[in-house]
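# Remarks on the overall topology
If you want the building blocks of each chain, they are given just below.
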Amino acid sequence: MSESRGLQNLLLVSGVIGLLVLGFVFDLILQALLDRNAQLGTLDTTLVWFYPLLQFLFVAAVVGLVWLMIAGGGYSRWVSVVYLLIGLALLYYNPVLYVNELPDSLYVVVQYL
């Protein structure tokens, strides 16, 4: 029983890390499409379709993680602490990234989450 709880806790923490990586990857894809769009000089239809598709996939991943948390029952306290620390870091990164010149991909991840 405790081994299954440990695996569920590991899955919840790795899910948050996966969401951050997913945000970075989606930002890289969108940035490449925007660069391609600027080179072509017209609105590329792949950009029109991929932008909402990537947003939908990201929201579906977030909803899946939330569903796993709710359906899984009790999870350990350290999972809550990890979520709290990541949430606070994202909360305070937003004004710092808006003012300072840092990579856009980190700012986009903060905006997504």
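Cut-offs and rules
Residues numbered from 1 in each chain as written. Predicted model: local features only at pLDDT ≥ 70, side-chain atom pairs only at ≥ 80, totals over all residues. Heavy atoms only, no water. Helix = DSSP H or I, 4+ residues; strand = E, 2+ residues; numbered from the N terminus. Buried < 20%, exposed > 50% of the residue type's maximum accessible area, 1.4 Å probe, protein only. Contact = heavy atoms within 4.5 Å. Expected span 1.5 Å × (residues − 1). Core = buried A, V, L, I, M, F, W, Y, C linked by side-chain atoms within 4.5 Å. Patch = residues over 30% accessible without salt bridge, like charges linked within 9 Å, V, L, I, M, F, W, Y side chains within 5 Å. Areas by Shrake-Rupley, 256 points an atom, 1.4 Å probe, with all protein chains shown as cover. Salt bridge = Lys/Arg side-chain N within 4 Å of Asp/Glu carboxyl O. pLDDT = per-residue confidence, 0-100.

The next subject is the overall build of the protein. Secondary structure assignment for the protein yields four helices and zero strands. Starting at the N terminus and ending at the C terminus, the protein contains elements arranged as α-α-α-α. Looking at the protein residue by residue over its 113 residues, the buried ones come to 21%. Looking at the protein alone, contacts between residues at least 24 apart form 67% of all its contacts between residues at least 6 apart.

The next thing to look at is helix α2 (residues 45-72). Each turn of an α-helix holds 3.6 residues, which means side chains three or four residues apart point in the same direction. Helix length check: α2 (28 residues) gives 40 Å between terminal C-alpha atoms against 40 Å at 1.5 Å per residue, within 8%. Here α2 has its buried residues at Leu47, Leu54, Phe58, Leu65 and Met69. Phi for Gly73, located one or two positions after α2, is positive at around 90°.

Next up on the list: the side chain of Asn37. Along the polypeptide, Asn37 turns up in helix α1 (residues 2-40). If sequence neighbours within four positions are ignored, Asn37 has contacts with Thr42, Leu43, Asp44 and Leu47.

Let us look at the side chain of Gln8. Relative to the assigned elements, Gln8 resides in helix α1. Given the relative accessible area of 12%, Gln8 is considered buried. Gln8 has contacts with Leu68, Gly72, Gly73 and Gly74, leaving out every residue within four places of it along the chain.

Our next topic: the environment of Val13. If you trace the backbone, Val13 turns up in helix α1. For the pair formed by Val13 and Leu65, sequence separation is 52 residues and the distance between their alpha carbons is 9.9 Å. Val13 has contacts with Trp78, Val79 and Val82, leaving out every residue within four places of it along the chain.

Among the nonpolar cores identified, the biggest contains 13 residues, and Leu12 and Leu65 are the most heavily contacted of them. For this core, the secondary structure elements donating two or more residues are α1 and α2. Once residues lying within four places of it in the same chain are set aside, the contact partners of Leu12 are Leu65, Leu68, Met69, Tyr75, Val79 and Tyr83.

What follows deals with a nonpolar patch on the surface. There is a patch of nonpolar side chains on the surface, built from Ile17, Val21, Val25, Ile29, Leu43, Val48, Trp49, Phe50, Leu53, Phe56 and Leu57 and spanning about 1,100 Å² of accessible area. Going through the elements one at a time, α1 and α2 are the ones with two or more residues in the nonpolar patch. If one sorts the elements of the nonpolar patch by residue count, α2 sits on top with six residues. Topologically, Val25 is positioned in helix α1.

The share of residues in the protein with pLDDT of 70 or more is 81%, and the mean pLDDT across the chain is 78. Averaged over each element, pLDDT in the protein is lowest for helix α4 (residues 104-112) (61) and highest for α2 (83).

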